[in-house]
Amino acid sequence: MNTIKRISLLTGLAMSICFAVKAQNLKDADQAFEAGKYFTAIEYYKKVLPKVKKKEEKARIHFQVAQSYRFIGDWKNAESWYTRVTKTGYPDDRATLYLAQAKLFNEKYDEALIEFQKYKVAVPDDVAAANGIKACENAQAWKEQPTRWRVENVAQINSKEFDFSPAYSDRRHNALIITSKREGQSSSKTDPNTGRMYSDMFETRVDKNGKWSVPAPVPTVNGPFNDGSAQLNKKTDKMYFTRCNEAKKTVTHCKIYMAERKGNGWGEPVLIDFGLETATLDSFNFRHPAVSADEMTMVFSSDMSDGNQGRQNNTSDLWMSKYDKKTRKWSKPVNLGSEINTERREGFPFIRENGTLYFSSDGHAGMGGLDVFSATWDANANKWTKVENMKSPVNSPADDFGIIFDGLKERGFLTSNRSGGKGQDDIWSFYYQQCTIEVDTYIYDCNFNIPVKNATARCVGSDGTAVEVKTDAFGKAKIRLLPEVDYIITAITDSAQSAKGTRYLAAADKVKISTRGAENDLNEKFEKTYSAAICCVLPEENIKLPAVLYEVDRYALLPQSKDSLNVLYNILMSNPGTVIELGSHTDCRGSDQKNLVLSENRAKACVDYLVKEKGINPDRLRAKGFGETRPLKLVDGTQLTEKYISSIKDKKEQERLHQLNRRTTFRVISWDFKDPKAPKTDRSINRPVIRDSFWGDGDLTDDKTTD
């Protein structure tokens, strides 16, 4: 046992000495840097630095360390080392540029702006200076006025390590494949580029409660080095992904592979060579594949030297390849051109089902780091155009990339290493928050202008939605609306009663509201409120209709009287269970018998109109003539009897009072009528889908996913 311990100690000591010797060799550090093994390069440079005497060489090493930190995405250390570089008098003006970018990434906007301005003076022709200055302005302005996208960290599936590039892995989009450097991957080796584990693909599923499972490694497709940035076709039976194989002392290159689903697993990955020569495939990187919904187009990222930006460190372009069904091969790639590609990095593309291309870039004007952009497919020009930044909060001063959309739904997932995350790169969910458009409905008593509680405000939209909301003690009901929809709001009073327990008649009035164009008239909180007031009648006594006119001593309706009776028709239609007694009254002039007969005929004339011309069931109407037996009682208690009217000296006033007595009224004598021939009243409910969170109605109905 002691012998084994001694051997172990000696072996460890020997390895340490070997490492120290290597670390003292600047050539090894430079070779590690050139091979893209930045984490190893950082360790080597730091070991060598104290032994270097020349100022120029010390400055160069500082720059190489700063560059290495930048390449692995450690912007905090990058800022620190670039600051040291600028103090050494290093002659490369890029140190100022990269210091500015690091400060921008770390949200030190004012300091970053100063450095970008310095760089612009030093290198006025470099567009990076103008882009950086613009990014400082954008970052502050867009954070102060964010879009309606909402972004939330998916803490359940993130680790303290790098978690990035989500992809939907089932047809219902209830499962994700993510790329991660967490423990549990196929290799226990350390990536010399980052100093962390190699990346593998992991899968997680969401249950009916919105809880994500612990990500588990995807079998078969994970190799010994870096694998990931996968995307599946729409059928989810093919997976396209990036695999990076390594060789000692050479630059690591990545290629694109495809694997087909085999039962519950995946078949052996097959290299996609795009018809290129082996020398080309081995000399450049091919990463981040994205396929269209019809699987005929692939867009990916590559640093091929004939690209838009030319071959530089840490730069890449987006390329497109077409699938040939006959040969079952992908065509030679075509560069997407200068409208999409810049002299910096473009990568992590995603082709949405509507044809829109999403990708990340740090070459287009943004907020700093990688930003997510969209580009619209122009069928006439046969290319993607109109590149637009998705702004805050989808983008941040950090790196934002790897976006995917849930079909045509305004939601999905993306990757970001912004502050507030759980680890390095994290998976974040996003969704488009609908604007808050509401209608404040007020239902009140027509006669006394007091609120009616327990009435129902029914709101029906032109999009097929329908909701009903009860009024509160103040007669109010708030209803949420959607943009670009026409609505009709009505009052239903089947459960509304007065303080005396009397039922209200539902109002015949309908309030029309259109939210078309409402999104152009929102307040700073993306809100807009409409108002709708509807009054209801309390039929405690005979209710007078608008003037129903007849010829003198006749009962035939005049044309304008039909308009008045249409008010009653609307009330009957709004209250289909009511039976109405329709009463007619005359003034006191003429004999009692004559007035009684005349009033009965007038009441019947009203009933005939409603039955024969408007189609009301005759069983719902009763005609009653009262003649002059019920003179009108005014609000102040005065009753317009013959004696009272005769006491008035003014003849015109007398005539006005006689006219008030000549009236048509109605009262409810039953609420429970059922007409078998009447059209059924639509009281169906179809609530609008209002997305105030990532999940919508019906998203999590089943935690078992079927492919």
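Everything below is about the structure shown above.
Residues numbered from 1 in each chain as written. Predicted model: local features only at pLDDT ≥ 70, side-chain atom pairs only at ≥ 80, totals over all residues. Heavy atoms only, no water.

**Observations regarding the overall build of the chain**
Part 1 of the reasoning: Across its full length, the chain holds 13 helices and 33 strands.
Part 2 of the reasoning: Over its C-alpha atoms the chain spans a radius of gyration of 39 Å, topping by over 25% the 27 Å that the globule rule assigns to 707 residues.
Part 3 of the reasoning: Overall, the C-alpha framework of the chain stretches about 130 × 65 × 60 Å when taken along its three principal axes.
Part 4 of the reasoning: Of all 707 residues assigned to the chain, the portion counted as buried reaches 50%.
Part 5 of the reasoning: Partitioning the intrachain contacts of the chain with sequence separation of at least 6 by distance along the chain shows that 59% fall at a separation of at least 24.
Part 6 of the reasoning: Surface accessibility of the chain: about 35,500 Å² in total, with carbon and sulfur atoms responsible for 49%.
Part 7 of the reasoning: For the chain, the centre of its 105 positive side-chain charges and the centre of its 96 negative side-chain charges are spaced 3 Å apart. (Helix = DSSP H or I, 4+ residues; strand = E, 2+ residues; numbered from the N terminus. Rg over C-alpha atoms; globule rule 2.2 N^0.38 Å. Buried < 20%, exposed > 50% of the residue type's maximum accessible area, 1.4 Å probe, protein only. Contact = heavy atoms within 4.5 Å. Areas by Shrake-Rupley, 256 points an atom, 1.4 Å probe, with all protein chains shown as cover. Lys, Arg positive; Asp, Glu negative; His and termini not counted. Charge placed at Lys NZ, Arg CZ, Asp CG, Glu CD.)

**Regarding the nonpolar core**
Part 1 of the reasoning: Grouped together as the largest cluster of nonpolar side chains are 41 residues, with contacts concentrated most on Tyr45, Ile61, Val65, Tyr69, Tyr82, Leu104 and Phe116.
Part 2 of the reasoning: Residue assignment for this core shows that the elements contributing at least two residues are helix H2 (26–34), helix H3 (38–48), helix H4 (55–71), helix H5 (75–88), helix H6 (94–105), helix H7 (109–122) and helix H8 (127–144).
Part 3 of the reasoning: The element contributing the most residues to this core is H8, with 7 residues.
Part 4 of the reasoning: Setting aside chain neighbours within four positions, we find Tyr69 in contact with Ile42, Lys46, Asp74, Asn77, Ala78 and Trp81.
Part 5 of the reasoning: Of all hydrophobic cores here, the second largest spans 28 residues; its members include Ala496, Tyr504, Val511 and Ile534. (Core = buried A, V, L, I, M, F, W, Y, C linked by side-chain atoms within 4.5 Å.)

**Side note on empty space enclosed by the protein**
The rolling of a water-molecule-sized probe over the atoms marks out the regions of remaining empty space.
Part 1 of the reasoning: Counted according to the given criterion, the structure contains 2 cavities of 30 Å³ or more.
Part 2 of the reasoning: Surrounding the largest cavity, Ser165, Pro166, Ser229, Ala230, Gln231, His288, Pro289, Phe348, Pro349, Gly402, Ile403 and Ile404 form its lining.
Part 3 of the reasoning: Elements represented by at least two residues in the lining of the largest cavity include exactly strand E2 (163–168), strand E6 (226–232), strand E11 (286–291), strand E16 (346–351) and strand E20 (400–405).
Part 4 of the reasoning: A class-by-class count of the residues in the lining of the largest cavity yields 7 nonpolar, 5 polar and no charged.
Part 5 of the reasoning: Approximately 40 Å³ is the volume found for the second largest cavity.
Part 6 of the reasoning: What lines the second largest cavity is Cys459, Thr465, Ala466, Val467, Ile479, Arg480, Leu481, Tyr487 and Pro688.
Part 7 of the reasoning: Broken down by element, the residue count for the lining of the second largest cavity peaks at 3 residues, all from strand E26 (residues 476–481).
Part 8 of the reasoning: Tallied by class, residues from the lining of the second largest cavity come to 7 nonpolar, 1 polar and 1 charged. (1 Å grid on protein atoms, 1.4 Å probe; cavity = no way out; pocket = protein on both sides within 12 Å on 5 of 7 lines; lining within 4 Å. Points joined across faces, edges and corners; volume = space filled by probe spheres on them. Nonpolar A, V, L, I, M, F, W, Y, C, P; charged D, E, K, R; others polar.)

**Quick notes on the pairing of strand E25 (residues 466–470)**
Here is the key point about a regular strand: its side chains alternate between the two faces of the sheet.
Part 1 of the reasoning: Where strand E24 (residues 456–461) and E25 come together, 5 bridges link them in antiparallel fashion. Bridge assignment links Ala457 to a residue of E25, and that residue is Val469.
Part 2 of the reasoning: Counted along the chain from E24 to the antiparallel partner E25, the turn is 4 residues long, and its residue Gly464 has a positive phi close to 95°. (Pairing = 2+ DSSP bridges.)

**Structural notes on unusual backbone geometry**
Part 1 of the reasoning: At the junction of Ser392 and Pro393, the peptide bond is cis and its omega measures out at 10° in the coordinates.
Part 2 of the reasoning: Inspection of the secondary structure assignment puts Pro393 in the loop between strand E19 (383–389) and E20.
Part 3 of the reasoning: Phi at Phe274 takes a positive value of approximately 55°, unusual for a residue other than glycine.
Part 4 of the reasoning: Here Asn382, not a glycine, exhibits a phi torsion of approximately 60°, which is positive.
Part 5 of the reasoning: Note on placement: Asn382 falls in the loop between strand E18 (371–378) and E19.
Part 6 of the reasoning: Look at Asn382 and you get exposed, because its relative accessible area is 54%.

**Description of the state of the cysteines**
Part 1 of the reasoning: This structure, assessed with the given rule, holds 2 disulfides.
Part 2 of the reasoning: Shown here is the disulfide that connects Cys244 with Cys254, its sulfur atoms set 1.9 Å apart. Linking Cys244 and Cys254, the disulfide has an S-S dihedral of approximately 100° and is accordingly described as right-handed. Separated by 10 residues along the polypeptide, Cys244 in strand E7 (residues 238–245) and Cys254 in strand E8 (residues 253–262) bring together distant segments of the chain. Assigned by exposure class, Cys244 and Cys254 land together as buried.
Part 3 of the reasoning: The partner cysteine of Cys446 in its disulfide is Cys535, sulfur to sulfur 2.2 Å. On the sign convention where negative is left-handed, the bridge of Cys446 and Cys535, at about 85° about the S-S bond, is right-handed. (Disulfide = S-S within 2.5 Å.)

**Thoughts on the packing of H4 against H6**
Part 1 of the reasoning: Where H4 contacts H6, the two axes come as close as 11 Å, and the packing angle between them is 35°. The chirality of how H4 crosses H6 is left-handed. Taking contact as the criterion, the partners of Phe63, Gln67 and Arg70 in H4 are, on H6, Arg94, Ala95, Tyr98 and Gln101.
Part 2 of the reasoning: For the contact of H4 with H6, the class distribution of residues is 3 nonpolar, 2 polar and 2 charged. (Axes fitted to C-alpha atoms, helices over the stretch in contact; angles between N-to-C directions. Left-handed = near helix turned anticlockwise from the far one by under 90°.)

**Description of the sheet that holds E16**
Part 1 of the reasoning: Pairing is antiparallel across the open sheet formed by 4 strands, whose spatial order is E16-E17-E18-E19. Only two strands of the sheet have a single neighbouring strand rather than two, namely E16 and E19. Each adjacent strand pair in this sheet contributes to an overall mean axis angle of 30°, direction not counted.
Part 2 of the reasoning: Taken together, the 4 bridges between E16 and strand E17 (residues 357–361) define a ladder with antiparallel strand orientation.

**Looking at the environment of Arg458**
Part 1 of the reasoning: Turning to its location among the elements, Arg458 is positioned in strand E24.
Part 2 of the reasoning: For Arg458 and Pro631, which are 173 residues apart along the polypeptide, the C-alpha to C-alpha distance reads 39 Å.
Part 3 of the reasoning: Residues in contact with Arg458, not counting those within four places in the same chain, are Ala466, Val467, Glu468, Ile488, Ile489, Thr490, Ile492, Asp682, Arg683, Ser684 and Ile685.
Part 4 of the reasoning: A distance of 2.8 Å separates the side chain of Arg458 from the side chain of Glu468, its partner in a polar contact.
Part 5 of the reasoning: In terms of polar contacts, Arg458 uses its side chain to reach the backbone carbonyl oxygen of Asp682, at 3.2 Å. (Polar contact = N/O pair within 3.5 Å; in protein donor to acceptor, adjacent residues only side chain to side chain.)

**Examining helix H11 (residues 592–613)**
Think of an α-helix as turning once every 3.6 residues; residues three or four places apart then point the same way.
Part 1 of the reasoning: Taking 1.5 Å per residue, 22 residues should reach 32 Å; H11 reaches 31 Å between its end C-alpha atoms and fits that length.
Part 2 of the reasoning: On its buried face, H11 is in contact with helix H10 (559–574), strand E31 (579–585), strand E32 (621–627) and strand E33 (663–670).
Part 3 of the reasoning: Where H11 ends, the next residue or the one after it, Gly615, has phi of about 85°, a positive value. (Expected span 1.5 Å × (residues − 1).)

**Remarks on the sheet that holds strand E4 (residues 200–205)**
Part 1 of the reasoning: The strand order across the open sheet formed by 4 strands is E2-E3-E4-E5, and the pairing between neighbours is antiparallel. Sheet topology places E2 and strand E5 (216–217) at the edges, where each strand pairs with a single neighbour.

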